[in-house]
Number of protein chains: 2
Amino acid sequence: MRQGHEVTLFASGDSQTRARLQAPCARALRLDPHCKDPLPYHFIALHRLARSADGFDIIHFHTDYLHFSLFAQCWGKTLTTLHGRLDLPDLAPILREFPMMPLASISDAQRAPVPWANWYSTVYHGLPTSLYAGGCGDGGYLAFIGRICREKRPDWAIEIAHRAGMPLAIAAKVDKVDRTYYKTRISPLLKDPLIEFIGEIGDSEKGAFLGDAVALLFPIDWPEPFGLALIEAMANGTPIIAFGRGSVPEIVDHGVTGYIVGDVDEAVAAIPLAKALDRVAIRRRFEERFSVERMAHDYLALYDTVLRCGTVGAVLNSAAAAQAAANAA
Amino acid sequence: MRQGHEVTLFASGDSQTRARLQAPCARALRLDPHCKDPLPYHFIALHRLARSADGFDIIHFHTDYLHFSLFAQCWGKTLTTLHGRLDLPDLAPILREFPMMPLASISDAQRAPVPWANWYSTVYHGLPTSLYAGGCGDGGYLAFIGRICREKRPDWAIEIAHRAGMPLAIAAKVDKVDRTYYKTRISPLLKDPLIEFIGEIGDSEKGAFLGDAVALLFPIDWPEPFGLALIEAMANGTPIIAFGRGSVPEIVDHGVTGYIVGDVDEAVAAIPLAKALDRVAIRRRFEERFSVERMAHDYLALYDTVLRCGTVGAVLNSAAAAQAAANAA
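Residues numbered from 1 in each chain as written. Chains lettered and ligands numbered in written order. Predicted model: local features only at pLDDT ≥ 70, side-chain atom pairs only at ≥ 80, totals over all residues. Heavy atoms only, no water.

Caption draft 1: Up close: the sheet that holds strand β6 (residues 119-122) of chain B. All names here are of chain B. Taken in spatial order, the 4 strands line up as β3-β4-β5-β6 in an open sheet, and their pairing is parallel. Every interior strand has two partners, whereas the edge strands, β3 (59-61) and β6, have only one. Strand after strand, the sheet turns through a mean of 25° between neighbouring axes, direction not considered. Across 2 bridges, the pairing between strand β4 (residues 78-81) and strand β5 (residues 103-105) is parallel. Note on β5: the bridge partner recorded for T81 is A104. (Pairing = 2+ DSSP bridges. Helix = DSSP H or I, 4+ residues; strand = E, 2+ residues; numbered from the N terminus. Axes fitted to C-alpha atoms, helices over the stretch in contact; angles between N-to-C directions.)

Dropping the structure here:
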């Protein structure tokens, strides 16, 4: 919008946006205790969008594959960003069924299970540069942020801190599905006086939390398609110590914004190195690579590509139809 | 098909049918351990159907609301049977968004939460009359069949049998979500020597199981939209003792095919009455009201109604469009 485009956002009524808002429901579905099934509201939004599709130059979807069947006919003016992990076995069949839908990935690593899909580009996420300022990292603790779950390995983060003899602050939510894991595997480890569990924190608290941290620990054990915590740390000038799975090697500049390591031993060894990194340079790298402006620029360029391909597709389609009609006559 | 119609069935490849089969997946999704998300296959089937929709006179959906957005434009040649309970809060918004889609209910009681929806008719389920023969009921036991879950109240069935001093045989599956309920609430009650838990049984075993039973106990505690077990019992000539919730009063003919009761006391008192019912008359009532032939006849009549309304709708639509064009000129 800041670049002069007209934008309509299809999202819940409590969305904070300067775009024209089309809301199929009043409240964010994941926060609405009355909502048992979010799917109907997605269909309502998609149906309203389909009826007004002629009024848009380009339609950018963040709804997985839900819209594929409804918008297959006008694929040439659509772009779909896939946000999740793509190694679920039921995803490949639907990507094969809709080979025309233009797709964007959030990292190159994300594509690994379906490299043959109709990928147009990778667009890394971005954050407003004004959201955080560079912190000074003088809190004396390591930080873990995100969700408590097996894949994010908070237990490894605790082990790293314990072995380094440094305090670890854990700011993380515990989703319903992860409660047993939290209780049985993580809760007992919190008795260690070095470990502090803070719970879930909002954007406004993240600045102080990450900005004061010596380093962010990101010892993931799954191919995370994009670790938003990584660029949140960078925005605060905080060095990263991350396991090299999934998108990590694309996001972390080894030796500049952090260190990519292979196991707990290497992570412990990387702490003094990370501490010595230039926090101003980390923040600068964030501004260069992960600002919203860069993300918006990338997407606008991608919209152009999509529309060009869509036009070519439409021309080829009508040529084929004309040929078929001529053959039939 | 036996009535001379051409039928195409969109379903998994292992479906047993004489119709032309269009399969988006090889195996029934609920039995496929590799399937984590059944939705993609539904969209694949709906997409293929949408592309070939012109070739069909009428399209009968059993896919809840999944197809509404894709087929809203040709609602006049569609019928949707809703099979589930309709009191979920997220269902009303999507029924309101697609008020044109013609709907069939599987009982009148099913409609209660959304009586204003676009109901065309109720069509009760049917079973092939050859599937079961009337049994003689001389097994000396009461029967409970279906799923172990809170709503079906196997605990009440056990209490009824215990109070009557009669054996109860329970043929029921335990779904994953119901395992805790089974373990904590039902398993302890199975120590009673009168109670026998058989587990899940197939169609071939149901004939002997129900045919030998003195009566079926159906002490439900939820508005069940259609109790298939009720007509399975009737097909075997087995009297029913059922709590009067949901569709029960529409399916059970009180004093003919069974007794509708209000609580455990009344159920116990109804056992000698049910035992005295004429099993041949019960089977006859099944053949009259719940055969597949009757179901097919009802649906064919309903297809006619839908197509007539659809044609009227199309005429009105093009008249409105012509009027709008004339006004614009």
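Caption draft 2: The interface of chain B and chain A, seen in detail. Between chain B and chain A, the contact holds 23 residues from the first and 23 residues from the second. Together chain B and chain A conceal approximately 2,300 Å² of surface at their shared face, both sides included; 63% is due to carbon and sulfur atoms. It is F43, D90 and E97 of chain B that lose the most area in chain B upon contact with chain A, and together they represent 28% of the buried surface on that side. Where chain B meets chain A, there are 4 salt bridges. In this structure, the salt-bridge partner of R51 of chain B is E97 of chain A, at a minimum N-O distance of 3.8 Å. Scanning the region where chain B abuts chain A turns up 10 residue pairs in polar contact (both at pLDDT 80 or more). Of all the secondary structure elements, the ones that give two or more residues to the side of chain B that touches chain A are α1 (39-51), α2 (68-71) and α3 (91-97) of chain B. Looking at the side of chain B that touches chain A, the element that brings in the most residues is α1 of chain B, giving 8 residues. Among the residues forming the side of chain B that touches chain A, the class breakdown is 14 nonpolar, 3 polar and 6 charged. (Contact = heavy atoms within 4.5 Å. Buried area = accessible area lost by both parts, 1.4 Å probe. Salt bridge = Lys/Arg side-chain N within 4 Å of Asp/Glu carboxyl O. Polar contact = N/O pair within 3.5 Å; in protein donor to acceptor, adjacent residues only side chain to side chain. Nonpolar A, V, L, I, M, F, W, Y, C, P; charged D, E, K, R; others polar.)

Caption draft 3: Representation of a positive patch on the surface in the model. All names here are of chain A. Together, K36, K176, R179 and K183 line one region of the surface with positive charge. Within the fold, K183 resides in helix α5 (residues 179-186). Judged by relative accessible area, K183 falls into the exposed class, the value being 64%. (Patch = residues over 30% accessible without salt bridge, like charges linked within 9 Å, V, L, I, M, F, W, Y side chains within 5 Å. Areas by Shrake-Rupley, 256 points an atom, 1.4 Å probe, with all protein chains shown as cover. Lys, Arg positive; Asp, Glu negative; His and termini not counted. Charge placed at Lys NZ, Arg CZ, Asp CG, Glu CD. Buried < 20%, exposed > 50% of the residue type's maximum accessible area, 1.4 Å probe, protein only.)

Caption draft 4: Quick peek at helix α4 (residues 154-164) of chain A. Those residues of α4 of chain A that sit buried are P154, D155, A157, I158, I160 and A161 of chain A. At the C-terminal side of α4 of chain A, G165 of chain A shows a positive phi close to 65°.

Caption draft 5: Looking closely at the relation of the copies chain B and chain A. Overlaying chain B on chain A yields an RMSD of 0.1 Å, the required transformation being a rotation through 180° with an accompanying axial translation of 0.0 Å. In symmetry terms, the pair is related by a two-fold rotation axis. Of the C-alpha atoms belonging to chain B, the one lying closest to the rotation axis is found on L70 of chain B, 2.8 Å away. Residue by residue, 100% of the interface of chain B is reproduced at the interface of chain A, so both copies engage with the same surface. (Least-squares fit on C-alpha atoms with pLDDT ≥ 70 in both.)

Caption draft 6: Examining the packing of aromatic side chains more closely. Tallied over the full model, the rule gives 23 aromatic pairs over all chains. Taking 5.9 Å as the distance between ring centres and 65° as the angle between the ring planes, the aromatic pair formed by F43 of chain A and Y65 of chain B counts as edge-to-face. Of this pair, F43 of chain A sits in helix α1 (residues 39-51) while Y65 of chain B sits in the loop between β3 and α2, which puts the two residues in different chains. Among the aromatic residues, those joined into a cluster by ring pairs are F43 and Y65 of chain A together with F43 and Y65 of chain B. When the ring centre of Y124 of chain B is taken as reference, the NZ or CZ atom of R289 of chain B above it lies at 5.9 Å. (Phe/Tyr/Trp six-rings, centres within 6.5 Å; stacked < 30°, edge-to-face > 60°. Lys NZ or Arg CZ within 6 Å of the ring centre and 35° of its normal.)

Caption draft 7: Representation of the pattern of salt bridges in the model. A complete count under the given rule lists 36 salt bridges over all chains for this structure. Ionic pairing is found between R283 of chain A and E287 of chain A, a salt bridge with its closest N-O pair at 2.8 Å. A residue pair is termed a helical-turn pair when its members lie 3 or 4 positions apart in one helix, as R283 of chain A and E287 of chain A do in helix α10 (residues 279-289) at 4 residues. Residue E287 of chain A is classed as partly exposed on the basis of its relative accessible area, which comes to 37%. For the salt bridge of K206 of chain B with E232 of chain B, the shortest nitrogen-to-oxygen distance reads 2.9 Å.

Caption draft 8: How the structure looks around helix α11 (residues 292-328) of chain B. Its 37 residues give α11 of chain B an end-to-end C-alpha distance of 52 Å, which sits within 8% of 54 Å, the value for a rise of 1.5 Å per residue. Summarising the contacts, the buried residues of α11 of chain B are in contact with β3, β4, β5, β6 and α10 (279-289) of chain B. (Expected span 1.5 Å × (residues − 1).)

Caption draft 9: Examining the environment of I271 of chain B more closely. All names here are of chain B. Secondary-structure assignment places I271 in helix α9 (residues 264-275). Along the backbone, I271 and G139 are 132 residues apart, and their C-alpha atoms lie at a distance of 14 Å. Not counting chain neighbours up to four residues away, the residues in contact with I271 comprise L142, I160, A164, M166 and I241.

Caption draft 10: Seen up close, the sheet that holds strand β12 (residues 258-261) of chain B. All names here are of chain B. Across the sheet, 6 strands lie side by side as β9-β8-β7-β10-β11-β12; this open sheet has parallel pairing. Each having just a single partner strand, β9 (195-197) and β12 make up the two edges of the open sheet. Geometrically, the sheet is characterised by an average inter-axis angle of 20° between neighbouring strands, direction not taken into account. Two elements, strand β11 (residues 240-243) and β12, share 4 bridges in a ladder whose sense is parallel. Its bridge partner being in β12, I240 is matched across the sheet by G258.

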